[in-house]
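# Results of the structural survey
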Amino acid sequence: MQSHLLNSASVDTYRQLVRDGSDLVARHVAAAQRPFTGVTPHALAREVGAVDLDAPLADTRAALDELSRLYLRDAVWFHHPRYLAHLNCPVLLPALLGETVLTAVNSSLDTWDQSAGGTLIERRLIEWTAARIGLGPDADGVFTSGGTQSNLQALLLAREEAVGADRSGGPRLRIFASDAAHFSVVKSARLLGLAADAVVPVATDDRRRMEPAALERALERCRRAGELPMAVVATAGTTDFGSIDPLPAIAETCARHGVWLHVDAAYGCGLLVSPTRRTRLAGIEQADSVTVDFHKSFFQPVSSSAVLVRDARTLRHAGHHADYLNPRRMAERGIPNQVDGSLQTTRRFDALKLWLTLRVVGADGVGELFDSVLDRAAEGHSLLVGDERFHVVVEPQLSTLVFRWTPPRAPRDAALIDAANLHAREALAASGAAVVAGTVVDGRHFLKFTLLNPATTVADLAAVLDLLDGHATAYLAADRAA
Ligand SMILES: *Cc1c(COP(=O)(O)O)cnc(C)c1O
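Just so it is clear, the structure is predicted and the values come from calculations on it, not from any experiment. (Residues numbered from 1 in each chain as written. Predicted model: local features only at pLDDT ≥ 70, side-chain atom pairs only at ≥ 80, totals over all residues. Heavy atoms only, no water.)

### Describing the site of the ligand
- Close to the ligand lie 15 residues, the nearest being Gly147, Thr148, Asp264, Asp293 and Lys296.
- Within the contact set of the ligand, an oxygen atom lies 3.0 Å away from a side-chain nitrogen or oxygen of Thr239.
- At 2.9 Å from an oxygen atom of the ligand is found a side-chain nitrogen or oxygen belonging to Lys296.
- Considered on its own, the ligand offers 380 Å² of accessible surface; in the complex 86% of this is hidden by protein.
- Residue assignment for the shell around the ligand shows that the elements contributing at least two residues are α6 (147-163) and α10 (294-297).
- Ranked by the residues each element gives to the shell around the ligand, the list is headed by α6, at three residues.
- Its residues placed into classes, the shell around the ligand shows two nonpolar, 10 polar and three charged. (Near = heavy atom within 4 Å. Polar contact = N/O pair within 3.5 Å; in protein donor to acceptor, adjacent residues only side chain to side chain. Areas by Shrake-Rupley, 256 points an atom, 1.4 Å probe, with all protein chains shown as cover. Helix = DSSP H or I, 4+ residues; strand = E, 2+ residues; numbered from the N terminus. Nonpolar A, V, L, I, M, F, W, Y, C, P; charged D, E, K, R; others polar.)

### Quick word on the environment of Gly147
- You can see Gly147 is positioned in helix α6.
- By relative accessible area, Gly147 is classed as buried at 9%.
- With 106 residues separating them in the primary sequence, Gly147 and Thr253 have C-alpha atoms 24 Å apart.
- Beyond its immediate chain neighbours, meaning those up to four positions away, Gly147 contacts Thr291, Asp293 and Ser305. (Buried < 20%, exposed > 50% of the residue type's maximum accessible area, 1.4 Å probe, protein only. Contact = heavy atoms within 4.5 Å.)

### Some thoughts on the sheet that holds strand β4 (residues 199-202)
- Sheet architecture is open: seven strands sit in the order β2-β8-β7-β6-β5-β3-β4, paired in mixed fashion. Only two strands of the sheet have a single partner each, and these edge strands are β2 (140-144) and β4. Here the strands of the sheet are splayed against their neighbours by 20 degrees on average, with no regard to which way each runs.
- Summarising the sheet, strand β5 (residues 228-235) and strand β6 (residues 260-265) pair through five bridges and their orientation is parallel. Paired with Thr235 across the strands is Asp264, a residue of β6.
- Across the face of the sheet, helix α5 (residues 117-133) comes into contact with β2, β7 (289-293) and β8 (305-309) while running at roughly 115 degrees to β2. (Pairing = 2+ DSSP bridges. Axes fitted to C-alpha atoms, helices over the stretch in contact; angles between N-to-C directions.)

### Comments concerning α6
- The end-to-end C-alpha distance of α6 is 24 Å, a good match for the 24 Å that 17 residues give at a rise of 1.5 Å each.
- α6 sits mainly inside the fold: 14 of its 17 residues count as buried.
- One or two residues past the end of α6 sits Gly164, with phi positive at roughly 60 degrees. (Expected span 1.5 Å × (residues − 1).)

### Notes on the nonpolar core
- Grouped together as the largest cluster of nonpolar side chains are 85 residues, with contacts concentrated most on Val263, Val290, Phe403, Phe449 and Leu468.
- Setting aside chain neighbours within four positions, we find Phe449 in contact with Leu84, Ser399, Thr400, Leu401, Phe403, Val436, Leu461, Val464, Leu465 and Leu468. (Core = buried A, V, L, I, M, F, W, Y, C linked by side-chain atoms within 4.5 Å.)

### Some remarks on the domain arrangement of the chain
- Split by domain assignment, the chain resolves into domain 1 (2-77) and domain 2 (107-352).
- Centre-to-centre separation of domain 1 and domain 2, based on C-alpha positions: 37 Å. (Domains from an automatic or database assignment.)

### A look at the pattern of salt bridges
- What the rule picks out here adds up to 31 salt bridges.
- The shortest N-O distance in the salt bridge between Arg277 and Asp371 comes to 3.1 Å. Of the two residues, Arg277 is situated in the loop between β6 and β7 and Asp371 in helix α13 (residues 363-385); the sequence distance between them amounts to 94 residues. For the residue pair Arg277 and Asp371, the accessibility class agrees, reading buried in each case.
- Across the salt bridge formed by Asp418 and Arg404, the nearest N and O atoms sit 2.5 Å from each other. Note that Asp418 is positioned in helix α14 (residues 414-431) and Arg404 in strand β10 (residues 400-405), a separation of 14 residues in sequence.
- Assessed through its relative accessible area of 7%, Asp418 is described here as buried.
- Take Arg404: its relative accessible area is 7%, and that puts it in the buried class. (Salt bridge = Lys/Arg side-chain N within 4 Å of Asp/Glu carboxyl O.)

Printed below as a string of structure tokens:
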């Protein structure tokens, strides 16, 4: 069994296996005609369930053949230009190379003595990101598993800063976020043990951006009620609409009220490297903490994310000194242990993917890719505006398009149109020809394109709109016949 471990005796086998694995993926990627096969969980569960996990197969080849059938054959392919559903990106090749390296070396980034150069590379990337944001000389941060964890950690730091040493309960803590903010804000509040109504939804304007005047009123109401505003979460790229809250006005309000400003740029962080649209993030440099998801708009494989803070000292709220791992005297001797500022202990060297991306593609190259996606979204918006079969919600600030199938001659029955939109999305996914998302706007069902693939063309968008129209029309016809 030792022959299965990576060591100096097995390196030839290792080389061969990595080649076999990448060959298999390459074959599937090359052959994928559709983003999805439309397989149902029921059909696949039978095949996965039939595997006897106590009886290994004869060799690796057999295991890969089985994997082809259980997973790769029906995988959802984000590289396909008609995958338009969620914030998943096609991945950059240098990042995949990084993934291959980091998983084999298997460094753990919690302490220097488990990672050495890995820690320094992660710290350089944190410095680089903080500088791109403009957080100033005292900034710091850490890579995380994703935006959800980054938001949780940022709000934990904000809570500790707000309550200080007083753990006695004190005034009730409040978080302010727009009604289009990510659900992980509410979830974080729950995990932090805050009251069920701790997150105060702030109204948005007609482009789904937080209204600074509404924030002001909410903060004043909070103070009058004797509650303690713990943080304001501004979103730079809401998940549904890609809307960017007015960061300068929100930052000014936060400064005046002395409230922690967290900017959730999980989606919008790609603007940090955009050669043409960086100004859309103006004001982000005033944040106390920022979430960035490299696995969204930097074309990195999952996971690659970070939380950045303006004041490195605030990270200590996430730390703990354990005698066996990172005793205080290591910090006193200047040994960099990233666990001192992380919620995780054992942690992947995900930063390596971004490192190789910047060293090969370059920041401008990544920014150009994101820019081309934003161009495509603008073109898609024009397409929808000129198409009487659809009603489109807002002009995109990033790369999502939220729209509803409402052809002029369709019946004026909103519930029926809801059902037709729902059906169109499901029927399209079942056909595998394209995958789109759905969401609810003002109680009604809408469809959604999330563009993150520079290979998607306007012709792709037009073709998918035709497919959606076909499915929805067929649904109404069947409904009428019934
Ligand atoms: C995706 C997203 C998150 C959550 O990030 P994960 O990496 O999926 O955990 C948080 N906020 C926003 C605005 C997002 O779009």
